[in-house]
Amino acid sequence: MPEWACLPDLKCLFNGLIELKLSPSIESLIDALRCLPGVGPKSAQRMTLHLLERDREGALAIAEALQLALDKVGRCQQCRNFTELSICEVCSDTRRDPSLLCVVETPGDVLAIEQTASYRGLYFVLMGHLSPIDGIGPEDIGLDLLDKRFAQAGVAEVILATNPTVEGEATAWYVAQQAKQAGVTVTRIAHGVPLGGELEYIDASTLAHALSGRTRLPEA
Ligand code: ZN
């Protein structure tokens, strides 16, 4: 009989390994990290073991920064964006044009628009979009506050910059009705062909959007 035949059943051996339990603290850290977008169980496990094994200082810095941010960062009373002040720096910047109000879904959208350095108006951050299936209604995304903002004098144009998704479009439509009732001009950011893109590689719905939103070239 070959020597390996005397070894314990391999299947039982592997089952034993699979049943190996991590400590409760490690398990709870893995679970906690899984709340991050795009982080699945494997990535969460890798991050946890990396922090504990190789970068305990980094782990402490994350924990402290997280605690500080949670203690200090709130919402701007005017635009709902994240800030440590009651009114954020953008809303209180007198060099910006208060007659323009750009409605976006997330603080990340504000950063993206600010990076273009081509917009000098103010923002309103919904922190989401309407989604009846998830029970998210107008008040959950601050549309009652936006209504009050429209009622005050000052906003002449609202620029709808929600995402071109079903929910984003539905939200844009809802805000547009609110704005029209308040006599505020409504515009929607254009969606379409990306700069440097090639038409044959662009999906049909994006191209259809680009065609329907075409603009007249300025006179030479
Ligand atoms: Zn603000």
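In this report, the structure presented in the accompanying data block is examined. Everything numeric in this text was worked out from a predicted model, so none of it was measured.

## Quick word on unusual backbone geometry
So, point 1. Residue Arg80 is not a glycine yet carries a positive backbone phi of 75 degrees.
So, point 2. If you trace the backbone, Arg80 turns up in the loop between β1 (74-75) and β2 (82-83).
So, point 3. Judged by the 19 C-beta atoms lying within 10 Å of it, Arg80 is partly exposed.
So, point 4. Of note in this structure, Met127 is not a glycine but carries a positive phi near 60 degrees.
So, point 5. Along the chain, the position of Met127 falls in the loop between β4 (121-125) and α6 (143-151).

## Some thoughts on the nonpolar core
So, point 1. The biggest cluster of nonpolar side chains holds 25 residues, and the ones touching the most others in it are Val103, Val104, Tyr123 and Val158.
So, point 2. Elements with a minimum of two residues in this core: β3 (97-104), β4, α6, β5 (157-160) and α7 (166-181).
So, point 3. When sequence neighbours within four positions are dropped, the list of residues in contact with Val104 reads Asp109, Val110, Tyr123, Val125, Leu126, Ala161 and Thr162.

## Remarks on the environment of Ala172
So, point 1. As for its position among the elements, Ala172 is in helix α7.
So, point 2. Remark: the alpha-carbon pair of Ala172 and Thr162, spanning 10 residues in sequence, is separated by 6.3 Å.
So, point 3. Apart from the residues lying within four places of it in its own chain, the contact partners of Ala172 are Leu160, Thr162 and Arg188.

## Things to note about the sheet that holds β5
So, point 1. In space, the four strands of this open sheet follow the order β4-β3-β5-β6, with parallel pairing throughout. Two strands close off the open sheet at either side, each with one partner strand: β4 and β6 (185-188). Across the sheet, the mean angle separating the axes of adjacent strands is 25 degrees when strand polarity is ignored.

## A short note on the packing of α6 against α7
So, point 1. Between α6 and α7, the shortest axis-to-axis distance is 10 Å and the interhelical angle comes to 30 degrees. With respect to each other, α6 and α7 are oriented roughly parallel. You can see that α6 and α7 cross each other, and the crossing is right-handed. Two secondary-structure elements touch here, α6 through Leu143, Leu146, Asp147 and Phe150 and α7 through Tyr174, Val175, Gln178 and Ala179.
So, point 2. In the contact of α6 with α7, the residues fall into six nonpolar, one polar and one charged.

## Considerations on the pairing of β6
So, point 1. Here β5 pairs with β6 via four bridges, running parallel. Following the sheet pairing, Val158 is matched in β6 by Val186.
So, point 2. As a crossover connection, the stretch from β5 through α7 into β6 is right-handed.

## Considering the environment of Glu89
So, point 1. With respect to the element layout, Glu89 can be found in the loop between β2 and β3.
So, point 2. Of the residues examined, Glu89 has 11 C-beta atoms within 10 Å and is grouped as exposed.
So, point 3. Taking the C-alpha atoms as reference points, Glu89 and Gly137, 48 residues apart in sequence, are found 28 Å from one another.

## Description of the packing of helix α2 (residues 24-33) against helix α3 (residues 41-54)
So, point 1. Axis separation between α2 and α3 bottoms out at 8 Å; the angle between their running directions is 125 degrees. By the angle between their directions, the pair α2 and α3 is classed as oblique. With respect to the hand of their crossing, α2 and α3 are arranged in right-handed fashion. Along the contact surface, α2 presents Ile26, Leu29, Ile30 and Leu33, while α3 presents Ala44, Gln45, Met47 and Thr48.
So, point 2. Tallied by class, residues from the contact of α2 with α3 come to six nonpolar, two polar and no charged.

The rules we used
Residues numbered from 1 in each chain as written. Predicted model: local features only at pLDDT ≥ 70, side-chain atom pairs only at ≥ 80, totals over all residues. Helix = DSSP H or I, 4+ residues; strand = E, 2+ residues; numbered from the N terminus. Buried ≥ 20, exposed ≤ 12 C-beta atoms within 10 Å, placed from the backbone. Core = buried A, V, L, I, M, F, W, Y, C linked by C-beta atoms within 7 Å. Contact = placed C-beta atoms within 7 Å. Pairing = 2+ DSSP bridges. Axes fitted to C-alpha atoms, helices over the stretch in contact; angles between N-to-C directions. Parallel < 35°, antiparallel > 145°, perpendicular 65-115°, else oblique. Left-handed = near helix turned anticlockwise from the far one by under 90°. Nonpolar A, V, L, I, M, F, W, Y, C, P; charged D, E, K, R; others polar. Right-handed = clockwise from strand over helix to strand, strands pointing away.

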